[in-house]
Amino acid sequence: MKTDNQRILVCVSSSPSCHRLIHTASQMAASMHASWVAVFVMEKYDKEKKSVNWQHGMDNLIYAKELGAEIQFVSGYDIAYHLSMAAKKWNATKLVLGRRVGRKNLSIRTCCLVSRLRWFLKDTEIITIPNPVSDYEEESDTKLSLSWKDMGISLGIMAVTTLLCWWFNRLGFTDATLITVYILAVLIISFFTNGYLCGMISSLLSVMVFNFLFTVPFFSLKSYGTGYPVTLVVMFFAAFLTSYLTVQVRRQAQQHAQNAYRTEMLLGANRKLQRAANEKEIMEAAAVQISKLLMRSVILYPVRSNQLAEPILIPVGESSDYLAQNAAQPEEREVAKWVIQNNIQAGATTGIFDDAGFWYLAVRMNEGDNICAVAGIRMNKREWVDVFDKNLLLAMLGECAVAVEKERLNRAGEEYAIQIKQEQMRSNLLRSISHDLRTPLTAISGNANMLKDGTVMTEKDKEQIYTDIYEDSVWLIDLVENLLSITRIDGGHLHIHLQPQDMSDILDEAVAHMQSRMKKHHIQIIKPEKLVMVSADSALLVQLLDNLIENAFKYGAEDGTVDITVKMEHKKMILLVADNGPGIPDAEKEKIFEMFYTTRTHKSSDDRRGLGIGLALCKIIVQEHNGTIRVYDREPHGAVFEVIMPALE
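Residues numbered from 1 in each chain as written. Predicted model: local features only at pLDDT ≥ 70, side-chain atom pairs only at ≥ 80, totals over all residues. Heavy atoms only, no water.

(A) Summary view of the overall build of the chain. Counting its regular elements, the chain contains 17 helices and 18 strands. When the 649 residues of the chain are sorted by exposure, 46% land in the buried category. (Helix = DSSP H or I, 4+ residues; strand = E, 2+ residues; numbered from the N terminus. Buried < 20%, exposed > 50% of the residue type's maximum accessible area, 1.4 Å probe, protein only.)

Now the structure itself:
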């Protein structure tokens, strides 16, 4: 069992002897019951060594992963600093690295590295394990590099400066002016060359040339003046300091420019990812941003249930068909699947499946093993991605993972909210049914029992009982039909079959349904002179009218008239169902279309309470037909339900 207070960090390099270091670290972790992290120290190599060293490094990482290590990467100019930051990030209690034996200079470098690490990590135990060959070397310092181009620039500027100072000297300018010109030349050299070496040499060379040509005795490095030695020393330090500061300013400017570019790219990618409406659009935006960053073709495989989904293809410099053919090759998909299984990069340039045509990286969520996608970038076997671009790429992949995780959480929250709403609907439905079905069922059961026992004596009483049983059963039938419709809508199974319908036929069919329930009510239909056609589902429109007419019967006057009007205005079909009852209060006009809401201000004419789903169903039916429904007062009293739907020509 692994303990939480012990964590070992092992520095892994591309050296073949690193297997011994990894094996020793794994034994140490096993004996201490501690977790351990293998950190790959990414160094800068020349082009001839890149592929070989990178492949060796990947082999060492695979070996460490097989022994149970967690894999991480570290890169940068200052190895000691970045290793110390990694140790602090992962709360390492012990830091294990290889100690070089053999050449003296390498041992000195190791001692310097360990000393710096101990200065950075005062509370972390640093353990060095001897290796027969060098484990890893600190990055070669390009600040002291010298190229033929820099040498040519330096010599050219010094020659022009010397000619200019020779001319100034002939014109009678003072030595201070000449010294200033040489310092300016050193500044220009430092600005146009790389590193510190050209500036250092130019500083020394400017002092020697000035002493050789412009101090007495001429054409000699000696000087007779008592103040000249001090002047020359001051000139050298001024030129050297100018060179150093210029190089520092250049490096800071480059770093700021890189940071600005990185920030701009990340902000642009973040904006595009945030604007994406769903997970597919997030993946597409991420693939486009990666292709823009590296100017290469990109294949992005969404991962669902640890399986590769249909890839997103972004071609650059090649056709979409050719890129699709490459993505469809079994070898490429196997590499992408291997990345999912092992959670480390593979493919071209990695040393793992090095013959692949793409470099595959996992898009991880929460910096864990949960992979939401695999990105494949078109690469050749011996190509190399700059460290800055790679860090920017990893940051983009991280942004993509955050956006995908946020989208999944939002979608899960919406689904959870829908489930809660559905559960509330079912709960309200069951509560209403259990309360409101009891009355008509009890009445039907009691009346049927009276008929069965023969307690009813007169034919008039029997006829009344038959009528009551019929009305209660019809009420139950209407209720069940509405319940079935609501259930289909709640389950997403409401299928609408749109066909051209004549509103006159719809009205006739709905009125025919209501004939047996009219009692003392009257229905007056006002049909249009011209044909009014709508694209609708006839069964749903009949159910809409049935509910509106039934509502008018219940809450209208007992012997009142229900007026139904159909007309067309501005290419819209307008249906009006009006009653002459007491009307609906303004406070309830919006609520009556809510599910399970029933008015309490007055009772229906038949004193039967409803479930509050009839008008809610009417609203859903109208909305499914791209229409609107509202209620307003009728003068002098009553209510008017208005339905507006698109009409056909």
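Alright, that's what it looks like, and here's the rest.
(B) Expanded view of the nonpolar core. Formed by 41 residues in total, the largest nonpolar core has its most connected members in Ile-8, Val-10, Trp-36, Val-96, Tyr-301, Tyr-360 and Val-374. A total of 6 residues in this core trace back to one element, the largest contributor, which is helix α1 (residues 18–32). Setting aside anything within four residues of it in sequence, one finds Tyr-301 in contact with Leu-308, Ala-309, Pro-311, Ala-327, Arg-333, Ala-336, Tyr-360, Cys-372, Ala-373 and Val-374. Grouped together as the second largest cluster of nonpolar side chains are 40 residues, Leu-540, Leu-548, Ile-549 and Ile-564 included. (Core = buried A, V, L, I, M, F, W, Y, C linked by side-chain atoms within 4.5 Å. Contact = heavy atoms within 4.5 Å.)

(C) Representation of the packing of aromatic side chains in the model. A complete count under the given rule lists 7 aromatic pairs for this structure. Between Phe-168 and Phe-173, the aromatic rings sit 4.8 Å apart at their centres with planes inclined by 45°, giving tilted as the arrangement. Exposure remark for Phe-173: the relative accessible area of 37% places this residue in the partly exposed category. Taking the centre distance of 5.6 Å and the plane angle of 75° together, the rings of Trp-338 and Phe-353 count as edge-to-face. Residue Trp-338 is located in helix α11 (residues 330–342), and its partner Phe-353 is located in the loop between β9 (346–347) and β10 (358–365); the two are separated by 15 residues in the primary sequence. A residue is classified by how much of its surface remains accessible, and Phe-353, at 41% relative accessible area, is partly exposed. Here the aromatic cluster, defined as three or more aromatic residues joined through ring pairs, consists of Trp-166, Phe-210 and Phe-214. (Phe/Tyr/Trp six-rings, centres within 6.5 Å; stacked < 30°, edge-to-face > 60°.)

(D) Geometry of the environment of His-521. One can find His-521 in the loop between α15 (503–514) and β13 (522–526). Residue His-521 is classed as buried on the basis of its relative accessible area of 7%. Taking the C-alpha atoms as reference points, His-521 and Val-562, separated by 41 residues in sequence, lie 7.3 Å from one another.

(E) Here's a closer look at the pattern of salt bridges. Counted under the stated rule, the structure contains 11 salt bridges. Between Lys-94 and Glu-125 there is a salt bridge; the shortest N-O distance is 2.4 Å. Here Glu-125 lies in strand β5 (residues 125–131) and Lys-94 lies in strand β4 (residues 94–100), a separation of 31 residues in the sequence. Taken together, the shared-partner salt bridges in this structure form one network comprising Glu-279, Glu-407, Arg-408 and Arg-411. (Salt bridge = Lys/Arg side-chain N within 4 Å of Asp/Glu carboxyl O.)

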